[in-house]
Structures are given as C-alpha cells and as structure tokens.
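In case you want the letters, here they are:
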Amino acid sequence: MAILVTGGAGFIGTNFILDWTATEAEPVVNLDLLTYAGHPGNFERLAHPERHLLVRGDLGDRELAADLLARHRVRAVLNFAAESHVDRSILGPAEFIRTNIVGVFNLLEAVREYWAGLPDAPRAAFRFLQVSTDEVFGALTPEAPAFTETTPYAPNSPYSASKAAADHLVRAYRHTYDLPTLTTNCSNNYGPFQFPEKLVPLLIVNALEGRPLPVYGDGLQRRDWLHVSDHVAALRLVLAAGRPGETYNIGGGQEKANLEVVEGLCDLLDRRRPRPDGRSYRSQVTHVADRPGHDRRYAVNADKIQAELGWRPKHDFQSGLAATVEWYLAETGWLENVRSGGYRDWISKQYGVAYD
Ligand code: NAD
Ligand code: TYD
C-alpha cells in the first residue's frame, strides 16, 4: 500500500513528503510534471529515500495515473499539483485551466475507476484529498467575519477560479459517485522551499541582492499567514480523521497587511544580515502598480478543524518568519538551483525590469 501525492516536488508537497517519510514507513508515490515550480533536488535530503518514488508526469495523464494507482495499491491520493501563482494566472491563464481544471478532472476519472474496482474494505477506507485555497471565497471587506466552510465561493482571479472549478468537481464526485473525498481550503503559506516568486521568499531574495522590494498598490491588502509545517500537520489530520465529503478551512489567525510583512522582514534582516551601508532594508521598498483585480483581504476561520480534529498551529507569524529567514540565509545553493533562466524571464516580464 502507498499514498499518491501529485505535485509533491513543489513548495507544500515537498514539505509534506519530508514530514511524511520522516515518520511513516508507508511509501509515497509523487506524480509531478516538474514545471518551473517543481524541484527534484529537494529530495536529496530525504532520511529514507526508499520511502519516496518520484514519477515525472502530468496529473491529467489518465493512463499513467491508473497504472500508478493499481501498481502501488494506493489507499489515498493527495492532490497538491497546480499552477499556483496568481500573477502568472493573470498573464497566462491557459495553463491554469489545463492543469487545475482539466487535469483534476482526468485524475478524478482515473481515481473513480480504480476506487470502484476495489474490494469493500479498501474501498471504504480510500480517500481523495483535494488541497485547495481560501482564495476560492473571494475578497473580504475590512469588517467582514473570516471565511467559514459555508462561505459561498466567489473567486476573482483565473487562479482562484480554476481552483474553485476543481473543488466543485471534487464535490460532484462525492455527491454523484460517493467517492470518499476531503477538501481543505488553506490560507497563505510561507516557509522552506517556497519558490521566490511568492511574496515572502521574493522579498528575502531581493533584499539580500539589493533589488527593489515591490509592494503592489498601497500595500494594505491583508492575508492570513500560516507556516507550511502547520498546513502539513493539518493535512495529515484531515487525511487520517476527516469525514468524507467534508471541507475543512485551515488558517493561522495571523492576519497581516502586506506592508507589515515587508517591514517585518526588513527588520529581521536588518538584525540578522545588516546592509553594508548600515541603512535599513526598508530603503529598498518600492510601490509598484497594483495587481489587476487584487483581492483586498483574506481571513480564515479554522474553528471546524480545531473542534473536530484538534488541530492548532504551532507557529505564530513572528517566530515562523524568523525561522524562514534563517532557512533562506542558509540555503543559497537551493536558491541558485531553482532560479533558472526562466526565473529571470518571469521577473523581467512581471516587474518590467531587466534581471541580471
Ligand atoms: P507550487 O507551485 O510550489 O507547486 C506545484 C507543483 O505542482 C510543482 O511541483 C509542479 O511541478 C507541479 N505541477 C504543476 N502542474 C502539474 C501537472 N500538470 N501535473 C503534475 N504536476 C504538476 O505550489 P504550492 O504552493 O506547493 O501549492 C500546492 C497546492 O496547495 C496547490 O494546489 C495550491 O493551490 C494549494 N495552496 C497553496 C497555498 C500557498 O500559499 N502556497 C495556500 C493554499 C493552498
Ligand atoms: P502572493 O505571495 O502572490 O500570494 P497570493 O496572491 O496568493 O495571496 O502574494 C501575497 C500578497 O503580496 C498579495 O496581496 C500580493 C502581494 N504581493 C506584492 O505586493 N508584491 C509582490 O511582488 C508579490 C509577489 C505579491
């Protein structure tokens, strides 16, 4: 028996696999297309490499998924695979539709067929966990209560719309075919192995290299930040004890304006790695054009997972961010490896500056 993880070479999937293989003998089959966001080198540090099998392929390749499910007698699928960056979805939505919607549909079809053919006991114990986002709920006004599991979906970006579509398919497969699905809607993650196109690692890298720290618009947009290890712990609980057909919100209750995040990071770096000229990294902050359709605020109410499954985040934002800064300061080799020519092209296109 094994679990099948899709998109496990990305940020959250890598953290999940490192955690899982450190504590479970049950192998993980990792189906990942290894796009710009997937990094097989992450697994060179596995303590038990024999517990992990990386297969390069598309989650939407039905034949491949069917073969992996049967060959490894998979008892659960965790779907992390996605195009995940909002700004990329604005500049080029097609890949988001292909992977996040059509890919998930094909994966669900392969899973449904496999699951339907299982004997009674493994059929009842089987789980399909869809790793989703709080962004499917759309934007909150400043005074609105945080998103709950019953907040209506109102996605605003091509990314969040594609995730919402996938979540609806997962819901329909439960309702129509009785597939034992679970869906989680998590807030913004930060921590080790996050590709430096997302806010936190982008700021760390740019700060250390003396580049501008780009703040979209007024920087007063708010996000609910969660350390990735707390997300991983929540996913493990949901997989083990979540009720099929249910959705679970996951969030740290650490809501911050983007400017607070930027300034907090500058202050940490000022102490940890002062600039040679003695000025603060805050001097590198640069307001740039706002993201089109930028959601002003996300906040997650995680009462359900706390009450039902006893999940509590371990990190507060300050300690989690400090640990993340330490990780990036130590992992210059990782950063070097993941920033290919494609990375330079992306930064030039998105921020309109030459990147050398
Ligand atoms: P990521 O972009 O770092 O990693 C995505 C992974 O999926 C990469 O390894 C990539 O190679 C792989 N992939 C892309 N297209 C694929 C395809 N067609 N077939 C197989 N593999 C493919 O993303 P992440 O930040 O690790 O997010 C993982 C999941 O969690 C996503 O579904 C995302 O929507 C969700 N999520 C992310 C956050 C966050 O803050 N990062 C928060 C909530 C939910
Ligand atoms: P991001 O990490 O892209 O996550 P998401 O858009 O999924 O929440 O961005 C987090 C916040 O930071 C979001 O409000 C957009 C903002 N942001 C900037 O201000 N500048 C940047 O260069 C980036 C990448 C994001």
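Before reading on, note that the structure itself is shown above.
Residues numbered from 1 in each chain as written. Chains lettered and ligands numbered in written order. Predicted model: local features only at pLDDT ≥ 70, side-chain atom pairs only at ≥ 80, totals over all residues. Heavy atoms only, no water.

Participant: How do you make sense of the overall build of the protein chain when you look at a structure like this?
Facilitator: For the protein chain, the count of helices and strands is 13 helices and 12 strands. Its C-alpha atoms give the protein chain a radius of gyration of 20 Å, near enough to 21 Å, the size a compact globule of 356 residues would have. The dimensions of the protein chain, computed from C-alpha atoms along their principal axes, are 70 × 45 × 40 Å. Within the protein chain, the fraction of its 356 residues that count as buried is 55%. Accessible area of the protein chain: about 14,800 Å², with a carbon and sulfur share of 53%. Side chains of the protein chain give 37 positive and 44 negative charges; the mean places of these two sets differ by 1 Å. (Helix = DSSP H or I, 4+ residues; strand = E, 2+ residues; numbered from the N terminus. Rg over C-alpha atoms; globule rule 2.2 N^0.38 Å. Buried < 20%, exposed > 50% of the residue type's maximum accessible area, 1.4 Å probe, protein only. Areas by Shrake-Rupley, 256 points an atom, 1.4 Å probe, with all protein chains shown as cover. Lys, Arg positive; Asp, Glu negative; His and termini not counted. Charge placed at Lys NZ, Arg CZ, Asp CG, Glu CD.)

Participant: Is there a simple way to think about the site of ligand 2 in this case?
Facilitator: Within the structure, ligand 2 sits among 17 residues, and Glu135, Arg223, Arg291, His294 and Tyr351 are positioned closest to it. Contacts to ligand 2 include Glu135, whose side-chain N or O atom sits 2.4 Å from an oxygen atom. One of the side-chain nitrogen or oxygen atoms of Asn258 is found 2.9 Å away from an oxygen atom of ligand 2. For ligand 2, whose unbound accessible area comes to 510 Å², protein coverage reaches 97%. Listing elements by their share of the shell around ligand 2, those giving two or more residues are α7 (199-208) and β8 (213-216). When residues of the shell around ligand 2 are assigned to their parent elements, the largest contribution, 3 residues, is made by β8. (Near = heavy atom within 4 Å. Polar contact = N/O pair within 3.5 Å; in protein donor to acceptor, adjacent residues only side chain to side chain.)

Participant: What should I look at first to understand the site of ligand 1 in this one?
Facilitator: Residues in contact with ligand 1 amount to 29 residues; listed here are only the nearest, Ile12, Asp32, Ser84, Tyr159 and Lys163. Taking Gly10, its main chain carries an N or O atom lying 2.9 Å from an oxygen atom of ligand 1. Interatomic distance of 3.0 Å between a backbone N/O atom of Thr35 and an oxygen atom of ligand 1. Within the complex, 97% of the 840 Å² of free accessible area of ligand 1 lies under protein. Secondary structure elements with two or more residues in the shell around ligand 1: α1 (11-23), α4 (94-116), β5 (127-133), α6 (158-177) and β7 (188-190). The element contributing the most residues to the shell around ligand 1 is β5, with 3 residues. Broken down by class, the residue content of the shell around ligand 1 amounts to 13 nonpolar, 12 polar and 4 charged. (Nonpolar A, V, L, I, M, F, W, Y, C, P; charged D, E, K, R; others polar.)

Participant: Where do I start with the packing of aromatic side chains in this structure?
Facilitator: Evaluation of the coordinates by the stated rule reveals 19 aromatic pairs. Both rings, one in Tyr114 and one in Phe126, keep their centres 6.0 Å apart while their planes meet at 65°; by these two values the pair is edge-to-face. One end of the pair, Tyr114, is in helix α4; the other, Phe126, is in the loop between α5 (120-125) and β5, with 12 residues separating them in the sequence. By the ring-pair criterion, three or more aromatic residues cluster together here, those being Phe137, Phe147, Tyr153 and Tyr298. A cation over an aromatic ring shows up here: Arg112 above the ring of Tyr177, its NZ or CZ 3.9 Å from the ring centre. (Phe/Tyr/Trp six-rings, centres within 6.5 Å; stacked < 30°, edge-to-face > 60°. Lys NZ or Arg CZ within 6 Å of the ring centre and 35° of its normal.)

Participant: For this particular structure, what's the right way to read the side chain of His52?
Facilitator: In this structure, His52 sits in strand β3 (residues 52-56). Looking at His52, its side chain comes within polar contact range of the side chain of Asn30, at 3.2 Å. Setting aside anything within four residues of it in sequence, one finds His52 in contact with Ile17, Thr21, Val28, Asn30, Phe43 and Leu46. (Contact = heavy atoms within 4.5 Å.)

Participant: Looking at this structure, I do not really get helix α2 (residues 62-71). What am I missing?
Facilitator: One turn of an α-helix holds 3.6 residues; hence residues three or four places apart share an orientation. Turning to α2, its buried residues are Leu64, Ala65, Leu68 and Leu69. All buried residues of α2 lie within an arc of 130° about the axis, which places them on one face of the element. Within α2, the exposed residues directed more than 90 degrees away from the buried face are Glu63 and Arg71. (Arc of directions from axis to C-beta.)

Participant: Explanation requested: the packing of α2 against α4 in the structure shown.
Facilitator: Angle between the axes and distance between the axes: these two values describe a pair of packed helices. The N-to-C vectors of α2 and α4 enclose an angle of 40°; their axes lie 9 Å apart at closest approach. α4 is crossed by α2, and the crossing has right-handed handedness. Contacts from Arg62, Ala65, Ala66, Leu69 and Ala70 in α2 reach Phe105, Asn106, Leu107, Glu109, Ala110, Val111 and Tyr114 in α4. Grouping the amino acids of the contact of α2 with α4 by side-chain chemistry returns 9 nonpolar, 1 polar and 2 charged. (Axes fitted to C-alpha atoms, helices over the stretch in contact; angles between N-to-C directions. Left-handed = near helix turned anticlockwise from the far one by under 90°.)

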